[in-house]
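As a plain string of letters, each chain reads:
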Amino acid sequence: MSQFTASSPSPTTGSLMLSIFMLFSNLLFVYAIVDDPTAVILLPPHAGSNRHTMFLPLFHSNPNSTRLSYGKSRRHLQKLDTHRSNARMALHDDLLSNGYYTTRLWIGSPPHKFALIVDTGSTVTYVPCSTCEQCGKHQDPRFDPDSSSTYEPMKCNNECTCDNAKKQCIYERQYAEMSSSSGVLGKDIISFGNQSELSPQRATFGCEKLETGDLYTQRADGIMGLGRGDLSLVDQLVDQGVISDSFSLCYGGMDTGGGAMILGGISPPSGTVFAYSDPVRSPYYNIELKELHVAGKRLPLSPSVFDGKHGTVLDSGTTYAYLPEAAFLAFKDAIIKELHSFKKIRGPDPSYNDICFSGVGSDVSKLSETFPSVEMVFGKGHKLSLSPENYLFRHSKVRGAYCLGIFQNGKDPTTLLGAIIVRNTFVTYDREHAKIGFWKTNCSDLWARLHDSDVSPSAPDNSHLSPDVSPSSAPTVSPYHISPGSKVGSIIFYMSLNVKYYKLEPHIVELTHLIAMELNVDSSQVNLLDFTAEANGSLTIWSITPPKPAEYMSKAAASNIIARIAEDEIHLPKIFGKHRISNWYIVSDPNRPWWQNHKVMVVIFVLLLVFGFSGFVVWWLQRYKRQVTIPYKPVDSAVPEQELQPFGFQTNYTA
């Protein structure tokens, strides 16, 4: 399973499954991990890290494994010439900032929505149960088996681990960082949303009774297991014959987040680079890596370097990439040699010896002008070109600085390739043909880029979905895509509540804090623009602004907020009644103070004020100087007589 903490991104590694994983279908095979002397553990390179940490469970697999060979032959027999459906599903969040990518599944009748972490390193899907004695607060209400008319508990049998009462099958998972999940197994209808042409299917999943560690504190509801194993959701759908034995993932770029996934097969896009993936070597997804090139030059390494222990493993839940010591040192030296003109600085976390470079600039699209090209060469000479965003992460404390996202895997000879390697890469896990394909693309525009493929979705039958939880209609482009070059100054949305105006008004401050918590933003970013009475309640208009009002919102943050608003993932207490989000849109100008939005007018006004005041002072001084000074004399002082003079003309009289 992939794991995570609540701080900056970090190395990820293997997790130890300590429980017994019993399979209940047609296979009579048991995984016994705790007491299995052949079990192999891939330990985290940086134990105790306070970074986002993903843990990949790895198991030793006997090359003559009856389970693997039997399962493989069975699925080949199921291959049909008819076109199978597939499920198109959006991905949310961001692996480096959130610690994971999530998708949405609807479970039960009526269906209830859950945000599940997409993990190719896990083989079971689980959500919190309403009767959970120790489960954290997640973003959606817990699953209530009693409220679903189609739920069936998995009764205790010889092929599963049973609870103490010997009534129901249970599962247990423990991970290397000591988080854990345990609960009961059951079956119910699982729906995949309106982007999916795949109809709802019955599937087995876990209903959690206990969570600890990061599983308890994470915002996501649970895990969607995509690994190899009969409890894996992919394996179940394949065994039911409803999808081809394939699925695809596409993770957004450095500043975008989100992405897309497809359950089922598609025709590979032109330009897809394939690597052989041996299903017998381990139950996890490995590829045949032979060479690494930096700036067009092959690193002086033997191909056997990438074939040590577990070989080269690809995992969606691992954040970064980890190379064996010899490969890492060669890669690091080659990168530093190409960047000799840039200043090397310390990383954001002083507890790690990160390799970082400053003075590069903040425009991701121009990183290729500074950083060298990197190529991975697979068997048969197939090459996958990596962009700088596929091996770098932003320095969180120095603007315009970047750090290597490829690390040494301790003394472990395993090569572990995490999600950073496949940013903006459409990765097809073609399990039926034992190969993994890589197609460089913009994952934000994936639907549009695949528009001409043979997997255009037909209108799905979603009549079973209740109105309040139905996903939105299938878009022709990614539903929350923010086009390149556009800027997000604020996000506006309209929310109607069936609570009268006078009852809602005293709780506006509380409502503001709740919205901030549900959208995962600070309360200062949530602003009430308007509040009016409606016939059956109240209408509120809200604005979500960047953390710093004078700046723009990052595309990753904006996409996550828009996704939560568009899918109405704002859950409010009963005192606010039912609510509905009727509209939302983006405002390109940030919510700056009025004087920043009208700088020209402010300057003109200040100049007029200065010149006006200066003119008044000059006028007053001149007037003051021209005044005549009247001397003061006492009232009783003598005043000389003055002879009256004729006023105009004089008349002469003669006698």
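Residues numbered from 1 in each chain as written. Predicted model: local features only at pLDDT ≥ 70, side-chain atom pairs only at ≥ 80, totals over all residues. Heavy atoms only, no water.

*Asks:* Explain the overall build of the protein here, please?
*Replies:* Of the regular secondary structure elements, the protein holds 10 helices and 33 strands. Long-range pairs, those at least 24 residues apart, make up 74% of the contacts in the protein between residues at least 6 apart in sequence. As presented, the protein carries roughly 31,200 Å² of accessible surface, and 56% of it is formed by carbon and sulfur atoms. (Helix = DSSP H or I, 4+ residues; strand = E, 2+ residues; numbered from the N terminus. Contact = heavy atoms within 4.5 Å. Areas by Shrake-Rupley, 256 points an atom, 1.4 Å probe, with all protein chains shown as cover.)

*Asks:* Just checking my understanding: could you explain the nonpolar core for this structure?
*Replies:* Generally speaking, a soluble globular protein has its nonpolar side chains buried in company with each other. The biggest cluster of nonpolar side chains holds 91 residues, and the ones touching the most others in it are Phe 192, Leu 263, Phe 331 and Phe 438. Residues within four places of Leu 263 in sequence aside, it is in contact with Ser 85, Asn 86, Ala 87, Met 89, Phe 192, Met 224, Leu 226, Val 234, Leu 237, Ile 243, Ser 246 and Phe 247. In terms of nonpolar packing, the next biggest core, distinct from the first, is built from 27 residues, Ile 508, Ile 570, Leu 572 and Phe 576 among them. (Core = buried A, V, L, I, M, F, W, Y, C linked by side-chain atoms within 4.5 Å. Buried < 20%, exposed > 50% of the residue type's maximum accessible area, 1.4 Å probe, protein only.)

*Asks:* So what exactly am I meant to see when it comes to helix α7 (residues 508–519) here?
*Replies:* Along an α-helix, a turn takes 3.6 residues, which lines up residues three or four apart on a common side. Its 12 residues place the ends of α7 16 Å apart at the C-alpha level, agreeing with the 16 Å of an ideal helix rising 1.5 Å per residue. Burial in α7 covers these residues: Ile 508, Leu 511, Thr 512, Leu 514, Ile 515, Ala 516, Glu 518 and Leu 519. Looking at the buried positions of α7, the neighbouring elements they touch are β30 (490–497), α6 (501–504), β31 (526–534), β32 (537–544) and α8 (555–566). Just downstream of α7, Asn 520 is the residue with a positive phi angle, here 60°. (Expected span 1.5 Å × (residues − 1).)

*Asks:* Help me out: how do you make sense of the environment of His 138 in this one?
*Replies:* Examined against the element boundaries, His 138 turns out to sit in the loop between β6 (126–128) and β7 (152–153). Considered as a pair, His 138 and Arg 219 are 81 residues apart in the sequence and their alpha carbons are 4.7 Å apart. Each residue touching His 138, except ones within four places of it in the same chain, is listed here: Pro 128, Glu 211, Leu 215, Tyr 216, Gln 218, Arg 219, Ala 220 and Asp 221. Of the polar contacts made by the side chain of His 138, one reaches the backbone oxygen of Gln 218; its length is 2.7 Å. (Polar contact = N/O pair within 3.5 Å; in protein donor to acceptor, adjacent residues only side chain to side chain.)

*Asks:* What exactly am I supposed to notice about the state of the cysteines here?
*Replies:* Here is the idea: a disulfide is a covalent bond, and it sits between the sulfur atoms of two cysteines. A full pass over the atoms with the stated rule returns six disulfides. Disulfide pairing is shown between Cys 129 and Cys 207; the S-S distance is 1.9 Å. As the torsion about the S-S bond is roughly 95°, the Cys 129-Cys 207 disulfide counts as right-handed. Placement of the pair is Cys 129 in the loop between β6 and β7 and Cys 207 in strand β10 (residues 201–212), with a sequence separation of 78 residues. (Disulfide = S-S within 2.5 Å.)

*Asks:* How should I be thinking about α8 in this particular structure?
*Replies:* Taking 1.5 Å as the rise per residue, α8 with 12 residues should run 16 Å; its terminal C-alpha atoms sit 16 Å apart, in good agreement. For α8, the tally of buried residues reaches nine of 12 residues, placing the bulk of the element in the interior. For α8, the full list of buried residues reads Ala 556, Ala 558, Ser 559, Asn 560, Ile 561, Ile 562, Ala 563, Arg 564 and Ile 565. Two or three places before Ala 557, at the opening of α8, Ser 554 has a side-chain oxygen 3.2 Å from that residue's backbone nitrogen. Directly beyond the C-terminal end of α8, a positive phi value near 50° is found at Asp 568.

*Asks:* I would appreciate a short explanation of a nonpolar patch on the surface in the present structure.
*Replies:* Residues Phe 613, Phe 616, Val 617, Trp 619, Trp 620, Leu 621 and Tyr 624 make up a contiguous nonpolar surface patch of about 800 Å² in total accessible area. When you line up the elements, Phe 616 lands in helix α10 (residues 599–626). (Patch = residues over 30% accessible without salt bridge, like charges linked within 9 Å, V, L, I, M, F, W, Y side chains within 5 Å. Salt bridge = Lys/Arg side-chain N within 4 Å of Asp/Glu carboxyl O.)

*Asks:* Can you walk me through unusual backbone geometry in this structure?
*Replies:* Negative phi is the rule for most residues except glycine; trans is the rule for most peptide bonds. The omega torsion across Ser 109 and Pro 110 is 0°, close enough to zero to call that bond cis. Non-glycine residue Lys 309 carries a positive phi angle of around 55°. Within the secondary structure layout, Lys 309 lies in the loop between β17 (297–298) and β18 (312–314). A positive phi angle, close to 70°, is found at Lys 380, a residue other than glycine. Along the chain, Lys 380 falls in the loop between β22 (374–378) and β23 (383–386).

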